[in-house]
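Survey of secondary and tertiary structure
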Amino acid sequence: MESTHTAPPEVRGPRVLQFELFSSCIDSGFWSALTRKKLDVYGLDETAKSIHGYYSIGSAAFLPCFMNVDHASFEATPSTDSHTYPLHGKLQNFNTIEKFRDSDKQLITDGEANELWNLIMSGEALVNPSLLSRFTLLSFVDLKKYIYSYWFLFPALVYPDALVHETEPRPIQEAFTGEEISHITNFVAKLPKEQNAFLIAHDADGAMEILLIRDLPLIVKDNRKVTLCVCDPSVRADNPGWTVRNVLAMFAYHVRSSPEYRRVQLVCFRQRFRDGLRDVSHSLVLDLRIVFTPNQTMGQTLIPKAVGWERTEKGKLGSRHVNLSAQMDPKKLAEQAV
Amino acid sequence: GAAEIFVPVLKESKFRETGVLTPEEFVIAGDHLVHHCPTWQWSSGEQSKTKPYLPADKHFLLTKNVPCYRRFHQLEAKGQEKIIEIEGDTDGGWVDTHPDGPGQDSSATSAPVMETAQSTGGKAAAGAADSDDDDDEEAGDMEDFLDSGMLDANDPGTLLPTTVKTPSQSAEEEGIEQTRTYDLHITYDKYYQTPRLWLIGYNEARKPLSVEQMYEDFSADHAKKTITMESHPHVSGPPMASIHPCRHAEVMKKIIQTVADGGRELDVHNYLVIFLKFVQAVIPTIEYDYTRNFSF
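Residues numbered from 1 in each chain as written. Chains lettered and ligands numbered in written order. Predicted model: local features only at pLDDT ≥ 70, side-chain atom pairs only at ≥ 80, totals over all residues. Heavy atoms only, no water.

Digging into helix 9 (residues 248-261) of chain B
Residue and element names in this part refer to chain B.
- The terminal C-alpha atoms of helix 9, which comprises 14 residues, lie 20 Å apart, in line with the 20 Å expected from a rise of 1.5 Å per residue.
- Those residues of helix 9 that fall on the buried side of the exposure criterion are His248, Ala249, Val251, Met252, Ile255, Ile256 and Val259. Seen from one end, helix 9 has its buried residues packed into an arc of 160°, which puts them on one side.
- Among the structural elements, helix 2 (15-18), strand 5 (194-202), strand 7 (240-243) and helix 10 (271-279) are those in contact with the buried residues of helix 9.
- One or two steps after helix 9, the chain reaches Gly263, where phi turns positive at roughly 80°. (Helix = DSSP H or I, 4+ residues; strand = E, 2+ residues; numbered from the N terminus. Expected span 1.5 Å × (residues − 1). Buried < 20%, exposed > 50% of the residue type's maximum accessible area, 1.4 Å probe, protein only. Arc of directions from axis to C-beta. Contact = heavy atoms within 4.5 Å.)

Notes on the sheet that holds strand 4 (residues 180-189) of chain B
All names here are of chain B.
- Spatial ordering of the open sheet is given by 1-2-4-5-7-6, a layout of 6 strands whose pairing is antiparallel. Of all the strands in the sheet, just strand 1 (41-43) and strand 6 (227-230) have a single pairing partner and so form its edges. Strand-to-strand twist in this sheet, taken as the mean axis angle between neighbours without regard to direction, amounts to 35°.
- In terms of strand pairing, strand 6 meets strand 7 through 4 bridges, oriented antiparallel. Looking at the pairing, Thr228 lines up with Ser242 of strand 7.
- Here helix 3 (residues 23-36) sits on the sheet and contacts strand 1, strand 2 (60-68), strand 4 and strand 5; the angle it forms with strand 1, its principal contact strand, is near 140°. (Pairing = 2+ DSSP bridges. Axes fitted to C-alpha atoms, helices over the stretch in contact; angles between N-to-C directions.)

A short note on the interface of chain A and chain B
- Listed by partner, the interface residues are 73 residues for chain A and 62 residues for chain B.
- Overall, the association of chain A and chain B removes approximately 6,000 Å² of surface from exposure, summing both partners, and the carbon and sulfur fraction of that is 57%.
- On the chain A side of the contact with chain B, A:Phe62, A:Leu317 and A:His321 bury the most area, a combined 10% of that side's loss.
- Where A:Asp27 meets B:Lys64, a salt bridge forms, and the shortest distance between an N and an O atom there is 2.8 Å.
- Broken down by class, the residue content of the side of chain A that touches chain B amounts to 32 nonpolar, 23 polar and 18 charged.
- Bridge count between strand 2 (residues 19-20) of chain A and strand 3 (residues 158-159) of chain B: 2 bridges; the pairing is parallel. Within strand 3 of chain B, the residue paired with A:Phe19 across the bridge is B:Thr158. (Buried area = accessible area lost by both parts, 1.4 Å probe. Salt bridge = Lys/Arg side-chain N within 4 Å of Asp/Glu carboxyl O. Nonpolar A, V, L, I, M, F, W, Y, C, P; charged D, E, K, R; others polar.)

What to know about the confidence of the model for chain A
- This prediction gives chain A a mean pLDDT of 91; 93% of its residues lie at or above 70.
- Here residues 1-10 of chain A scores under 50 on pLDDT; set against residues more than four positions off or in separate chains, the count is 5 contacts. (pLDDT = per-residue confidence, 0-100.)

Comments concerning the pattern of salt bridges
All names here are of chain B.
- Taken as a whole and assessed by the stated rule, the structure comprises 30 salt bridges over all chains.
- Salt-bridge contacts for Arg180 lead to Asp217; the nearest nitrogen and oxygen are separated by 2.7 Å. With Arg180 in strand 4 and Asp217 in the loop between helix 7 (211-215) and helix 8 (223-226), the pair connects residues that are 37 residues apart, well separated along the chain.
- We note a salt bridge from Glu230 to Arg196, for which the minimum N-O separation is 2.8 Å.

A closer look at the pairing of strand 9 (residues 162-165) of chain A
Residue and element names in this part refer to chain A.
- In strand 9, alternate side chains face the same way, and those of Ala162 and Val164 on one face and Leu163 and His165 on the other are all buried.
- Bridging between strand 1 (residues 15-16) and strand 9 involves 2 bridges; their strand directions are antiparallel. Bridging from a neighbouring strand, Val16 pairs with Val164 of strand 9.
- Summarising the sheet, strand 9 and strand 17 (residues 284-291) pair through 4 bridges and their orientation is antiparallel. Bridging from a neighbouring strand, Ala162 pairs with Val291 of strand 17.

What about the packing of aromatic side chains?
Residues and elements named next belong to chain A.
- Within the structure shown, the criterion is met by 24 aromatic pairs over all chains.
- Linked through ring pairs, Phe22, Phe30, Trp31, Tyr55, Phe74, Tyr85, Phe135, Tyr148, Tyr150, Phe152 and Phe154 together constitute an aromatic cluster.
- A cation over a ring is seen here: Lys49 above Tyr42, with NZ or CZ 5.0 Å from the ring centre.
- Of note, Lys193 hangs over the ring of Tyr85, and the distance from its end group to the ring centre comes to 4.9 Å. (Phe/Tyr/Trp six-rings, centres within 6.5 Å; stacked < 30°, edge-to-face > 60°. Lys NZ or Arg CZ within 6 Å of the ring centre and 35° of its normal.)

Okay, structure coming up:
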């Protein structure tokens, strides 16, 4: 094991895996739809409403890890296309700016942690892993000034205690053959959108079998070697995107009492279309070590904490605001039209 | 506009003769684009804005989060501007909605409807630029809504988005900080009987760009002559920037002719692929996808 006290200075100590937090991207159509909902449907009702967002695993280079909401976010079912995946959202729209400001963020975070943990423990998320891709949107709409205040939470469980890089992240071509990669790519293309994670079981003779994530307990029982694959919204060469975090938490939970699964190979699957061609070469392979606290392997069911509040433009933990009066205020529009 | 309501839906294909499309041909060309460039997808739009002449689930095409890494002047400085020139029309004049120059209004133009939209557009643009200042002020007041003591503040597993400036930011990441993004929509314009491109820009913090800010990403020659602010036909909300379609059919007709002169026939399937290629002259810094290996 690592003995950091004797290591020469140039050798880095264990490096903790970091997940790139989502950046929210809100279509102006979303704010128009919210305004209409507030006026026509919600009224003074402040209870949480179910909405949808989505993320893409095909972002262009150098872009942040985006999640989108738009005019379709209020429809009954999420609409996703060939390269986007659903995010299950809760909208809590407050009647006053004070209520928005003073809402108990810790209570909201703990509530989300509880729900995530229940989804994992009940096995529900094994059947539908996309249930772990969630957000809560707190909002206040100033209908007179056309100013929208909002704050996103993308809840992620802080579980296990840590995930540590065993080796440097590498591109997928260094771990899989071209044939294996096209096998994986074709599998992803056929997967229903609630399956944003899957498994590759490796047999002693080198054969690989791609399976749904619900087969994890069986694989662990048969003690087969396994690679965890997650559809990844990040484009970074070193980090998976935010949705990968809860999938790894679920994986860790199901292998917590099997020490031989403390080392896990993770594929961050990404694909991009350019000039009409599919490219998955920026997908990553990470070799990770799962680090538990003693309590986490003792079968105690302490609910983990959650994190995932979006920051302001200046990187602070706080709400954001957008002023659409120039585009939406009928008075201003009328003045401009003169 | 009002004129659109009274224009009958085009029924017969006039694509080869005039460069215009029927709604059916728009759908055929859209399906082809989605098949070859899956970053483009069909959208149904809002149900209250459904048009009877388009299939319910295929009202407009959209591609989201398209990067725009550099401003137009940076591209120009490097001499990388690639404009498709059509033979005998060196200024790519298809986009020039004001042949007499933007200063002269309301005369000598073939598109009076567009003219009205153009003049409101200019003022809306100025208004939007003002609002940006307002926005900053408001944001300054309101950013007091900070929460401390959250576990988020020191969670080792969280990597903050690259758009957030950190002291340890590398040179490479400083470039990333400048990345704007665009959502592009292609609708069917019933009046001009052509596709119409809409642009919704976002700054590095994902806030909507004003039209004045978006001009920084448009070709200087084309921007003010070509971009107008109008209501999206399938999504409600504030007016959006779009490339005015009044010359699209003419340019397509020229391209069809050029291809025909080369002894080949342009198929209607490829209409949108070519359309996206030629609008690139207006938005050369926005890196949307189209099949490049099509030559004409």
